[in-house]
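Spelled out, the chains give:
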Amino acid sequence: MDALNPNANRGWRHERGEASLSDVYRTVGTGRHSSRWRRAAAFAGPGYMVAVGYMDPGNWATSLAGGSKFGYALLTVALLSNLMAIVLQSLCARLAIASGRDLAQACRDAYPKWVSVPLWAFAEIAIIATDIAEVIGTAIGLNLLMGIPLELGVLITALDVFVILFLQKLGFRWVEAFIIALLGVIAICFGVQILLADPQWGAVVTGFFPTTEIVTNPEMLYLALGILGATVMPHNLYLHSGIVQTRAYGHTVPEKKEALTYATIDSTVALCFALLINASILILAAAAFNAHGRTDVVELGEAHSLLSPLLGLAIAPTLFGIALLCCGLNSTVTATLAGQIVMEGFLKIKLPPWMRRLITRAIAIVPAAIVTIWYGDQGTAQLLILTQVVLSLQLSFAVFPLVMFTANKAKMGELVAPRWLSGIAYLIAVVIAGLNVKLLFDFVTG
């Protein structure tokens with residue numbers, strides 16, 4: 001429990017115990033006596049690590065499938081998903097800053113074991129599903145660019161845990177710099193590809209407006225839920241509530257309110273950037289594939305091979321492969337950190353940082369590696385989309401606790417979410433749950 005925060009336990013049953021990611025907890029200075037711009041810059045970083053989860057290789061699979069089959073129609077789902085993400089991630093920052101707990105720690109405190117243990121299991125399933133997508137994406141990226149076999153590519157992705165350990169030895173800011181640099185490469189790659197594809201911008205604008213067909217067409221709904229699952233990801237809620245606490249903000253209410261403001265700006269700007277990338281993937285698929293009658297493109301490898309003949313330039317598939325590899329590397333780093341937060345927060349396991357990272361990485365990558373090696377080149381696209389639907393189904397188990405905690409005055413004190421924000425968040429939670437019920441009903445009834 002924070003020594004300078006005597007009221008931190010108000011509304012909670014137990015003391016928090018060890019902080020999230022204790023080896024980097026409050027290690028980033030916030031320049032309390034600096035200018036506003038410098039303080040805002042000090043809080044910039046966690047939002048971009050969270051944004052990584054909104055453009056991972058699983059998202060590519062659903063966006064490619066959606067764009068090639070339905071053109072620009074599912075852009076509205078990408079926009080809606082991003083707006084939901086902005087609201088939910090702001091609540092993650094609020095929970096962390098107000099209570100000093102991540103979402104996993106809050107769940108462990110608030111619920112009995114018969115509830116918290118299943119919640120931990122669901123979170124682990126979500127991280128495994130995330131990792132399957134990331135391992136496949138990274139392995140495909142290595143295969144496309146360097147001809148490395150998928151099986152070897154899967155093993156190479158396991159080395160990311162050492163990248164995290166090395167960068168965190170230098171400081172958490174180096175982890176963030178690594179992530180942001182790769183995001184910059186991804187943005188440049190897609191910017192060039194969009195220019196080459198020359199989409200119909202009028203149709204792009206129209207695609208951001210909703211249509212009832214998304215709900216009435218089961219195939220479109222399946223892909224829409226896949227995009228939703230790939231955009232608003234359960235592990236991101238745990239991750240954000242942990243890494244926000246790397247900032248050494250003050251303990252008074254005004255200092256916490258200021259920290260919340262800057263953290264919310266950081267995540268909102270970063271998620272708007274993520275929307276640009278997500279929309280670019282879908283627009284590229286619509287312009288390069290759907291417009292040329294290729295409505296069945298769902299595999300990343302197939303998309304890579306078709307870009308050159310359809311766009312007429314050999315550089316297009318290379319840029320696609322580079323962006324995919326960067327996405328995969330970024331996503332495995334953030335998923336590993338999320339796995340550590342989930343395991344520590346729910347199970348309160350005391351292990352050295354390097355051992356905790358190896359264990360949480362193994363829990364996720366071993367199933368992912370088995371599945372990837374088993375499927376090989378065949379079926380990876382369907383598997384990627386399925387992982388995103390699984391994530392969507394797991395999402396409610398993270399969203400409802402988050403919304404309930406941040407709406408609780410006893411737990412949050414003066415930083416409790418205003419009623420209008422809680423109302424919007426509850427609506428988002430209900431919409432997500434309702435869509436998932438419909439998905440299950442359509443699946444069962446065939």
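Criteria and thresholds
- Residues numbered from 1 in each chain as written.
- Predicted model: local features only at pLDDT ≥ 70, side-chain atom pairs only at ≥ 80, totals over all residues.
- Heavy atoms only, no water.
- UniProt positions renumbered as here; feature names shortened; annotations may be inferred.
- Core = buried A, V, L, I, M, F, W, Y, C linked by side-chain atoms within 4.5 Å.
- Buried < 20%, exposed > 50% of the residue type's maximum accessible area, 1.4 Å probe, protein only.
- Helix = DSSP H or I, 4+ residues; strand = E, 2+ residues; numbered from the N terminus.
- Contact = heavy atoms within 4.5 Å.
- Patch = residues over 30% accessible without salt bridge, like charges linked within 9 Å, V, L, I, M, F, W, Y side chains within 5 Å.
- Areas by Shrake-Rupley, 256 points an atom, 1.4 Å probe, with all protein chains shown as cover.
- Salt bridge = Lys/Arg side-chain N within 4 Å of Asp/Glu carboxyl O.
- Axes fitted to C-alpha atoms, helices over the stretch in contact; angles between N-to-C directions.
- Parallel < 35°, antiparallel > 145°, perpendicular 65-115°, else oblique.
- Left-handed = near helix turned anticlockwise from the far one by under 90°.
- Nonpolar A, V, L, I, M, F, W, Y, C, P; charged D, E, K, R; others polar.
- pLDDT = per-residue confidence, 0-100.

Per an unreviewed UniProt entry, the protein is named Divalent metal cation transporter MntH, and its organism is Rhizobium redzepovicii. According to the UniProt record, the Sequence similarities (unreviewed entry) comment for the protein is "Belongs to the NRAMP family." Taken verbatim from the UniProt record of the protein, the Function (unreviewed entry) comment is "H(+)-stimulated, divalent metal cation uptake system."

Trainee: Can you explain the nonpolar core? Please cite residues and give values.
Mentor: Of all hydrophobic cores here, the largest spans 129 residues; its most connected members are Trp60, Leu74, Leu103, Leu237 and Tyr238. No other element matches helix 14 (residues 253-288), which puts 17 residues into this core. Residue contacts for Trp60: discarding those within four places in its chain leaves Met55, Phe190, Ile281, Leu300, Phe320, Ala323, Leu324 and Cys327.

Trainee: Please provide a residue-by-residue account of a nonpolar patch on the surface, values included.
Mentor: Taken together, the side chains of Leu152, Leu155, Ile156, Leu159, Phe162, Trp354 and Leu358 present a nonpolar region at the surface, about 670 Å² in accessible area. Those elements giving two or more residues to the nonpolar patch turn out to be helix 7 (150-157) and helix 17 (353-375). If you tally residues by element for the nonpolar patch, the top one is helix 7, at three residues. Mapped onto the elements, Leu152 comes out in helix 7.

Trainee: Break down the packing of helix 6 (residues 113-146) against helix 7 for me, with residues and values.
Mentor: As a packed pair, helix 6 and helix 7 sit with axes 8 Å apart at the nearest point and diverge in direction by 120°. Here helix 6 is positioned oblique relative to helix 7, judged by the angle of their axes. Between helix 6 and helix 7 lies a crossing whose hand is right-handed. On helix 7, the residues that touch Val135, Thr138, Ala139, Ile140 and Leu142 of helix 6 are Leu150, Gly153, Val154, Ile156 and Thr157. In terms of residue class, the contact of helix 6 with helix 7 is built from seven nonpolar, three polar and no charged.

Trainee: Kindly report on the confidence of the model for the protein, identifying the contributing residues and their values.
Mentor: Scored by pLDDT, the protein comes out at a mean of 83, with 89% of its residues at no less than 70. Confidence drops under a pLDDT of 50 for residues 1-8, and excluding neighbours within four residues, the segment shows 14 contacts in the predicted structure.

Trainee: Account for unusual backbone geometry, with residues named and values stated.
Mentor: In this structure, Arg26 is a non-glycine residue whose phi angle is positive, near 55°. Inspection of the secondary structure puts Arg26 in the segment before helix 1 (36-43). With a phi close to 50°, Asp198 is a non-glycine residue in the positive phi region. Inspection of the secondary structure puts Asp198 in the loop between helix 9 (172-197) and helix 10 (201-207). Residue Asp198 is classed as exposed on the basis of its relative accessible area of 57%.

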